[in-house]
Amino acid sequence: MTFLTGPLPVLPQTGAGRGGDTDGAPAVVALGGGHGLSASLSALRLLTTDLTAVVTVADDGGSSGRLRHELDVLPPGDLRMALAALCDDTDWGRTWRDVMQHRFQSRPGISGSLDNHALGNLLIVTLWELLGDPVAGLQWAGALLGARGQVLPMSTQPLTIEGDVLRRTAQGTRLEVVTGQARLAAAGVQSKVSEVRLSPADAPACAEALTAIERADWIILGPGSWYTSVLPHLMLPELRTALCKTKAKRCLTMNLSNETTETAGMSALDHLAEVRRYAPDLRVDAVLADPSVIEDQDAFAEAVAGMGGRPVFGKVGAATGRPIHDPLRLATAYHDMFGEN
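My aim in this report is to walk through the structure given alongside it, one point at a time. (Residues numbered from 1 in each chain as written. Predicted model: local features only at pLDDT ≥ 70, side-chain atom pairs only at ≥ 80, totals over all residues. Heavy atoms only, no water.)

Some remarks on the packing of aromatic side chains
- One pass over the structure, following the stated rule, counts four aromatic pairs.
- Between Phe300 and Phe313, the aromatic rings sit 6.0 Å apart at their centres with planes inclined by 45°, giving tilted as the arrangement. With Phe300 in helix α13 (residues 297-306) and Phe313 in strand β10 (residues 310-313), this pair connects stretches of sequence that are 13 residues apart.
- Each ring, one from Tyr334 and one from Phe338, has its centre 6.1 Å from the other, and the planes form 10°; the classification is stacked. Here Tyr334 pairs with Phe338, and both are found in helix α14 (residues 327-340), just four residues apart, close to one helical turn.
- Look at Tyr334 and you get buried, because its relative accessible area is 0%.
- Aromatic rings pair up to connect Trp218, Tyr334 and Phe338 into one cluster. (Phe/Tyr/Trp six-rings, centres within 6.5 Å; stacked < 30°, edge-to-face > 60°. Helix = DSSP H or I, 4+ residues; strand = E, 2+ residues; numbered from the N terminus. Buried < 20%, exposed > 50% of the residue type's maximum accessible area, 1.4 Å probe, protein only.)

If you want it as structure tokens, here you go:
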């Protein structure tokens, strides 16, 4: 028996950019990966339906890494998390969010082939295999979830990230090349990441992502793991050029902790310096930061001004004190920022 899917579902895009959707909300493109991108999307979906997530595709760990290695596909994990973050707070949205995030665990004593696979990863890869198109597969997944926006990969080609790491040992320091996102994400412990690269370096950017950036009113970069989720978007030549040339306003969102496994010993100023190093022509309109992680606000403001923008300080962390962005606080900060510019 043959089942026909009919026309490809198109996610709601009510605006045409430069002014956003019909209720005046802006067209927004958010770039990143993992939990950081999920945080920004959870906030932004409360403000606009004209929302596009552009997601890193260099993950090589866990369920994503296994599927990438075994099936030669894009790593689906960060794409799945972005889709889940765009689900509505309705019974339908919450149910499908939980379905996408569900991980299989075999009973005690059994090591099963599905162990630690997220169902959403398997669903996305199934759609890719059936449709033969990663963008179309994500559109179908988004339609099923009722996602408030669309999710796109930064490239339709799987990428590998590697970095030069200065290891501190009893005998001094030595330079080591660390390959793979999973290993690099933990490389900042007792070491310093000094240089990061993507392979292939000249991989094409996703055409639909470039179009979304061109028509956007606002670009949001970060928060997220600086070297493996944020900076990769500035390493891909076509994507970096699009981000530098777009007429959209640009906001860089800082993390709630500078001391991560990637960035141990780095200050907020060091984070800004890395952005400028990988994309010296990138201008920003605003840098959103929680004042609790800014050591010297005057020096920070001066550094932001050097990038063409202004600092926006606001309490955007969770009330628990953990370094996690609160969606409502973050949405309020973005709403105020959108209205001021």
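Section: the pairing of strand β1 (residues 28-32)
- The element β1 is extensively covered by neighbouring structure, given that five of its five residues are classed as buried.
- Burial along β1 is two-sided: the face carrying Val28, Ala30 and Gly32 and the face carrying Val29 and Leu31 are both buried.
- Across five bridges, β1 lies against strand β2 (residues 51-55) in parallel orientation. Bridging across to β2, Val29 finds its partner in Thr52.
- Crossover connection from β1 via helix α1 (residues 34-44) to parallel β2: handedness right-handed. (Pairing = 2+ DSSP bridges. Right-handed = clockwise from strand over helix to strand, strands pointing away.)

Structural notes on the pairing of strand β5 (residues 172-179)
- Pairing between strand β4 (residues 160-169) and β5: eight bridges, direction antiparallel. Residue pairing in the sheet places Leu166 in a bridge with Leu175 of β5.
- Remark: two residues form the turn of the hairpin made by β4 and β5, two consecutive strands paired antiparallel.

Overview of the side chain of Gln181
- If you trace the backbone, Gln181 turns up in helix α7 (residues 181-184).
- For Gln181, the side chain forms a polar contact with the main-chain nitrogen of Asp59, separated by 3.2 Å.
- Excluding residues within four positions of it along the chain, Gln181 makes contact with Ala58, Asp59, Asp60, Asp78, Ile161 and Thr228. (Polar contact = N/O pair within 3.5 Å; in protein donor to acceptor, adjacent residues only side chain to side chain. Contact = heavy atoms within 4.5 Å.)

Digging into the sheet that holds β4
- Taken together, the three strands give an open sheet; going across it, the order is β5-β4-β6, and neighbouring strands pair in antiparallel fashion. Two strands in the sheet have a free side with no partner beyond their single neighbour: β5 and β6 (191-199). Each adjacent strand pair in this sheet contributes to an overall mean axis angle of 15°, direction not counted. (Axes fitted to C-alpha atoms, helices over the stretch in contact; angles between N-to-C directions.)

Concerning helix α3 (residues 77-85)
- In terms of burial, α3 is largely enclosed, as nine of its nine residues are buried.
- Every buried residue belonging to α3 is among Gly77, Asp78, Leu79, Arg80, Met81, Ala82, Leu83, Ala84 and Ala85, and all of these are buried.

Some words on unusual backbone geometry
- Backbone torsion omega between Ser199 and Pro200 reads -5°, so that peptide bond is classified as cis.
- With respect to the helices and strands, the residue Pro200 is situated in the loop between β6 and α8 (207-215).
- Cis geometry marks the peptide bond from Gly222 to Pro223; its omega dihedral reads 0°.
- Structurally, Pro223 is set in the loop between β7 (218-221) and α9 (226-230).

Some remarks on a negative patch on the surface
- Judged by side-chain charge, Asp270, Glu295, Asp296, Asp298 and Glu302 come together as a negatively charged surface patch.
- With respect to the helices, strands and loops of the structure, Glu302 is situated in helix α13. (Patch = residues over 30% accessible without salt bridge, like charges linked within 9 Å, V, L, I, M, F, W, Y side chains within 5 Å. Areas by Shrake-Rupley, 256 points an atom, 1.4 Å probe, with all protein chains shown as cover. Salt bridge = Lys/Arg side-chain N within 4 Å of Asp/Glu carboxyl O. Lys, Arg positive; Asp, Glu negative; His and termini not counted. Charge placed at Lys NZ, Arg CZ, Asp CG, Glu CD.)

Focus: the packing of α1 against α14
- With their axes 8 Å apart at the nearest point, α1 and α14 run at an angle of 65° to one another. With respect to α14, the element α1 is oriented roughly perpendicular. The two elements α1 and α14 meet at a crossing, and its hand is right-handed. Residues Ala39, Ser40, Ser42, Ala43 and Leu44 of α1 touch α14, and the partners they reach there are Pro327, Leu330, Ala331, Tyr334 and Phe338. (Parallel < 35°, antiparallel > 145°, perpendicular 65-115°, else oblique. Left-handed = near helix turned anticlockwise from the far one by under 90°.)

None of this, on its own, says anything about what the molecule does.
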